[in-house]
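What the coordinates show
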Amino acid sequence: MKIARFSHNDGIRYGILDDDEIVVLEGDPMFAGYQPTGDRVRVADVALLAPVIPRSKVVCVGRNYHDHAAEFGNVAPEEPLLFLKPNTAVVGPGDSIVRPTISERTEFEGELVAVIGRIAKNVSAENALDYVFGYTIGNDVTARDLQRKDGQWTRGKGFDTFCPLGPTIETEFDTATARLETRVNGETRQQAPLTDMIHSVADIIAYASAAFTLLPGDVIMTGTPAGVGEIVAGDIVEIEISGIGVLRNPVRDAAPAA
């Protein structure tokens, strides 16, 4: 099922997507279960929000597709290459990606995102998927010039709005048959089956949880395929994963400092 987080009548609610309607739930199903209120609202009458706001962290994996590593002249790492984004980078579908004034090159990176549903520490790869609540789509937006300048990735990938998530969380999803496609202004820039990932979702969760505790609501961005590129003000970025949906975000420039 597809879980939506949405704004309606000045309140934030959760619900289950049912064609062009949302079955409204009593609370966040990750913690409160799937108890309906009896209300339904039309999707057209609500504003979809980021389906989850991580409680503590956004865990990201770099160079998890051979072709993406190669396009930057790198060799894919033997183990998952982890970095973090702050949860203040998260925005939802339809929200603007804001290009910071101190960067001269902002790029998109379309990715599958796993949403953690249970406390996970030192879990095995064999049991790791038991800790996944569902899957959504993410854009690992990157100020590429700052990433290269700094020699590490925190600032270049951590700006506000640099982690769009959405449109919903799919709780029943098979990575074995799904494909990712990223479009900028309708033109396809990235296209790959998720089976091209070097390290699987289960392996990433096991590796990350050996280092730090994963909390319910934390998200894991699983890496991007080849084809990443620059985005400028006025662009529309669409990331589609079959079985989940389309994450769509416009791009604008930040206002100059006062």
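Coordinates for the structure precede this section.
The rules behind these values
- Each residue is numbered by its place in its chain's sequence as written, counting from 1.
- pLDDT decides what is reported in this predicted model: residues at 70 or higher carry local features, side-chain atom pairs at 80 or more are listed and counted, and totals for whole chains, interfaces and linings draw on all residues regardless.
- The basis for every side-chain value is the complete set of heavy atoms in the structure, and neither hydrogens nor water enter the calculation.
- In this scheme Phe, Tyr and Trp rings, the latter by its six-membered ring, pair at centre separations within 6.5 Å, and the angle between planes marks the pair as stacked below 30 degrees, edge-to-face above 60, and tilted otherwise.
- Numbering of helices and strands runs from the N terminus; a helix is a DSSP stretch of H or I covering at least four residues, while a strand is a stretch of E covering at least two.
- The buried label applies to any residue whose accessible area, calculated with a 1.4 Å probe on protein chains only, is under 20% of its type's maximum; exposed applies above 50%, and partly exposed to all values in between.
- Distance and angle both matter: a charge sits over a ring if NZ of Lys or CZ of Arg is within 6 Å of the ring centre and within 35 degrees of the ring normal.

With that out of the way, let us pick up the packing of aromatic side chains. Throughout the structure, instances matching the rule amount to 3 aromatic pairs. Between tyrosine 135 and phenylalanine 173 the ring centres are 5.3 Å apart and the planes differ by 45°, which places this aromatic pair in the tilted class. In this pair, tyrosine 135 is assigned in strand E12 (residues 132-139) and phenylalanine 173 in the loop between strand E14 (163-170) and strand E15 (179-184), connecting sequence segments 38 residues apart. A single burial state applies to tyrosine 135 and to phenylalanine 173, both of which are buried. For the ring pair phenylalanine 159 and phenylalanine 162, a centre distance of 5.3 Å and an interplane angle of 55° mean the geometry is tilted. For the residue pair phenylalanine 159 and phenylalanine 162, the accessibility class agrees, reading buried in each case. Across from the ring centre of tyrosine 131, 4.2 Å away, lies the NZ or CZ of arginine 118, which sits over that ring.

The next subject is helix H5 (residues 201-209). Judged by how many residues are buried, H5 sits mostly within the fold: 7 of 9 residues are covered. Burial in H5 covers these residues: Val201, Ala202, Ile204, Ile205, Ala206, Ala208 and Ser209.

Purely geometric numbers; function is a separate question.
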